[in-house]
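Examining the three-dimensional arrangement
Here is what each chain is made of, one letter per residue.
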Amino acid sequence: MPSETPFQINIPDEKLRILRAKLELATFPDELQDIGWRHGAPLADMKRLVERWKNGYDWRKYEKELNQELPMFTRDIDVDGFGALNIHYVHKKSETVDAIPLLFCHGWPGSFIEIRGMLPLLTASSPKHPSFHVVALSLPGFGFSEGAHKPGFGLDQYAEVAHKLMISLGYNEYVTEGGDWGFLVTRRMAAKYGGKHVKAWHTNFPMADPPTWKSPLSFLSYLLTPYSAEEKAGLERTAWYRNKSSGYFVEQSTFPQTLAYGFTDSPVALLGWFYEKLVIWTDDYKWTDDEALTWISIYWFSRAGPGAAHRIYSEVYGDFYNLGRTSYPTIPMGASYFPKELLLLPSAWLRRLNNVVIESHHKSGGHFAAYERPEELTEDVRKMFAKGGPAFAVVPGKSGYA
Amino acid sequence: MSSETPFQIDIPDEKFTILRAKLELASFPNELEDAGWKYGAPLADIKRLTERWKIGYDWRKYEKEINEQLPMFTRDIDVDGFGALNIHYVHKKSETVDAIPLLFCHGWPGSFLEVGKILPFLTSSAPEHPSFHVVALSLPGFGFSEAPHKQGFAIDQYAEVAHKLMLALGYNEYGTHGGDWGSLITRRMASVYGGRHLKAWHTNSPLAKPPSWRSPLFFLSFLLTPWSTEEKAGIERTTWFHTKGQGYYNEQSTQPQTLGYSLADSPVGLLAWIYEKLVLWTDNYNWSDDEVLTWISLYWFSRDGPAASLRIYFELRSDCEDLGQSPTIPMGASFFPKELIVLPAAWLRKSHNVVFESHHKTGGHFAATEAPEQLVQDIRKMFAKGGPAFAIVPGRTGYA
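Residues numbered from 1 in each chain as written. Chains lettered and ligands numbered in written order. Predicted model: local features only at pLDDT ≥ 70, side-chain atom pairs only at ≥ 80, totals over all residues. Heavy atoms only, no water.

**Concerning the pattern of salt bridges**
Summed over all chains, the structure comprises 38 salt bridges over all chains. Through salt bridges with shared partners, one network takes in D10, D13, R60 and E63 of chain B. (Salt bridge = Lys/Arg side-chain N within 4 Å of Asp/Glu carboxyl O.)

Encoded structure:
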């Protein structure tokens, strides 16, 4: 197997000093009476978090934990037309030699950290369930991966990076798990490299197109079938997201550079923008202050800077339904539905256009499912690839069992 | 006339110390190669402006100029359900005793400063044109006006503040000019106070609903009439604004506090956020660095901070989306090609009592700054002897 360059996070002291200096100067807006979360993160939360970040939050402690828990590496991946980008990734092999190679792909405002709950579970060996060799990359521009330097780095390029990473690690055939941008990237991978390399794909962020009059029978059934209570709730959640929670999306996909100035100059700006999502996109997840600060510090200390990651929105510009649209993959797909996901559409819509071989519907959990519900999501992935499961032995010679 | 409390801008030194300290620590993102304006304000511009703001830009000089050129005051205005808000405004009377009282209403990211270039012209006396007594308020939450402290301060409340200010100054009957939020607010005033108090209203940001099949003849004519070159350009501009220019609006109208944390903590973030609009929303206007920095300093040093100014988007979102009933009082509209929403004039005429319109070949969203002479001309023409709104305010023709 080709050699890997081990990587340990080691943020220079200077960067910590600058962060501290900026936090010392933090200035806050006022707040309307009794506003709660209606306009964004409440002022009391923000003040408390900034205070903690300034005094008490120990980045070195969490840096050490990440270094110990997650075996990390970097390697150059050459991208057609863009040159080589140095990619940061987690790579942990199972003790089961024939474990299934699995690529985990995060989104925004997530990162490689989202694998930490699932990593020990997916790689664990047992006769009762399949095991996986796990690769969790930092997408270009995120975490400690280099970002693209010129315009045009779109979905094909993100997919190319992830695919070439798996190939370079000796995983010629593999499966994927993705959410948020990770869904779009792995869907493009499944379309482009599916069959030959990507054998099956699983997601916790299933996006589907509504039936249109172009498929009359589907459309008719869509009009006539009453929605279940779960589907109604899902559509309401989707409408809420579209109407009330997608301002970030429109700005990030039109003027990402304008936003980048605030994020790069002010940790408070970054905290406000990101913390809001951590709370309202999850299902009542009890973030500790340090946990939230670690997620956001990863952006603050990221290799490409806090202004780079969200360029993905403008580079893959399109409206919600066209976003990253491609010919639909035909390889087996697994979908997990969590009730506080952002786009929750009737599962029939997904089945209509994708080769959905397994799906599960959960009663709790939100957008960051791998982080919020690692056991449940691991169960779902295991079931898909288990003996007797719909994607058993889909990677020849790597059944996931001893 | 009730007494006025004079106001001079005098930003405390402490605020400078904080601003300077933050600018000293400024950190910048990188930029994609050859990005130009494609993704927002270019890095070179923001770096240059930040450097100037830190060293060289002299706020005290511009503060003094504003204090000298714009006679300013404050007074408490009571708003039903919200208590008294202390309102900052410019008030300059013409030497012509019977000048027409005119309220000038700004928007975002504008301010009372926008009246600066047109003020001397509007108030000047001459037999050839009408004169005006001008009142230019800072909307609540902007400039040096107090911001509301609780939710629900919506379009009726903004209209109420502006109207009560005019009454408090003894202007029982008056005209208005507004752009951006100022247009929507004065439009609301025209509906609520029109006829009795507000006699005629003028705007450089005219808005109208598109023709609907409910008015079949108009809709048919809309379908059949080919667009003029000007109208085509207007539709292109409007389409650009709808597809590419809605990010700030979406965020500000849904999560204003989230953005507020950024604008309140980072002068560089505030600079970028507003500067981008100053360039994209104007028609090649040659902003000097100091002019830009003065606009942005006003937001940075504003009485209730830059975050407060965003809340108008959240509270008035539904009024933006549904124009509702049109006012019936006489309206004047100035069309500038680089305004953000540029609709065919026929749509406006269909639903409003348009007595005056003008179509300009240059100029954008900040008409009072970019094209002050043209704007003054338009307002004068509307109210001039022989004009469609002449002597509409009884006893105040605007002439000696």
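**Here's the deal with the confidence of the model for chain B**
Mean pLDDT for chain B: 95, with 99% of residues reaching 70 or above. Prediction confidence for the complex, expressed as pTM and ipTM, is 0.95 and 0.94 respectively. (pLDDT = per-residue confidence, 0-100.)

**Details of the interface of chain B and chain A**
Listed per partner, the contact involves 58 residues of chain B and 54 residues of chain A. In terms of surface lost to chain A, no three residues of chain B exceed Y39, Q151 and Y261 of chain B, which account for 16% of the buried area on that side. The interface formed by chain B and chain A holds 1 salt bridge in total. Notably, a salt bridge pairs D30 of chain A with R311 of chain B, separated by 2.9 Å at the nearest N-O pair. (Contact = heavy atoms within 4.5 Å. Buried area = accessible area lost by both parts, 1.4 Å probe.)

**With respect to the packing of aromatic side chains**
Residues and elements named next belong to chain A. The final tally for this structure, using the stated rule, is 62 aromatic pairs over all chains. Ring centres of W108 and Y313 lie 5.7 Å apart, and the angle between their planes is 85°; on these two criteria the pair is classed as edge-to-face. With a gap of 205 residues between them, W108 in the loop between strand 4 (100-105) and helix 4 (119-123) and Y313 in helix 13 (residues 311-315) connect regions that are remote in the sequence. (Phe/Tyr/Trp six-rings, centres within 6.5 Å; stacked < 30°, edge-to-face > 60°. Helix = DSSP H or I, 4+ residues; strand = E, 2+ residues; numbered from the N terminus.)

**Digging into helix 5 (residues 155-168) of chain B**
Residue and element names in this part refer to chain B. Between its first and last C-alpha, helix 5 extends 20 Å over 14 residues, near the 20 Å set by a 1.5 Å rise per residue. Here helix 5 has its buried residues at I155, Q157, Y158, A159, E160, V161, A162, H163, L165 and M166. Note on helix 5: the residue one or two positions beyond its end, G170, has a positive phi of about 85°. (Expected span 1.5 Å × (residues − 1). Buried < 20%, exposed > 50% of the residue type's maximum accessible area, 1.4 Å probe, protein only.)

**Brief notes about the side chain of S253 of chain A**
All names here are of chain A. When you line up the elements, S253 lands in helix 9 (residues 247-254). Polar contacts involving the side chain of S253 include one to the main-chain carbonyl oxygen of F249, which spans 2.7 Å. Polar side-chain contacts of S253 include one of 3.4 Å to the backbone oxygen of V250. Not counting residues within four places of it along the chain, the set of residues in contact with S253 comprises Y313, S314 and Y317. (Polar contact = N/O pair within 3.5 Å; in protein donor to acceptor, adjacent residues only side chain to side chain.)

**Quick notes on the pairing of strand 4 of chain A**
Residue and element names in this part refer to chain A. With 6 of 6 residues buried, strand 4 is to be regarded as a mostly interior element. Burial along strand 4 is two-sided: I100, L102 and F104 facing one way and P101, L103 and C105 facing the other are all buried. Here strand 4 runs beside strand 5 (residues 132-137); their pairing, made up of 6 bridges, is parallel. Paired with P101 across the bridge in strand 5 is H133. (Pairing = 2+ DSSP bridges.)

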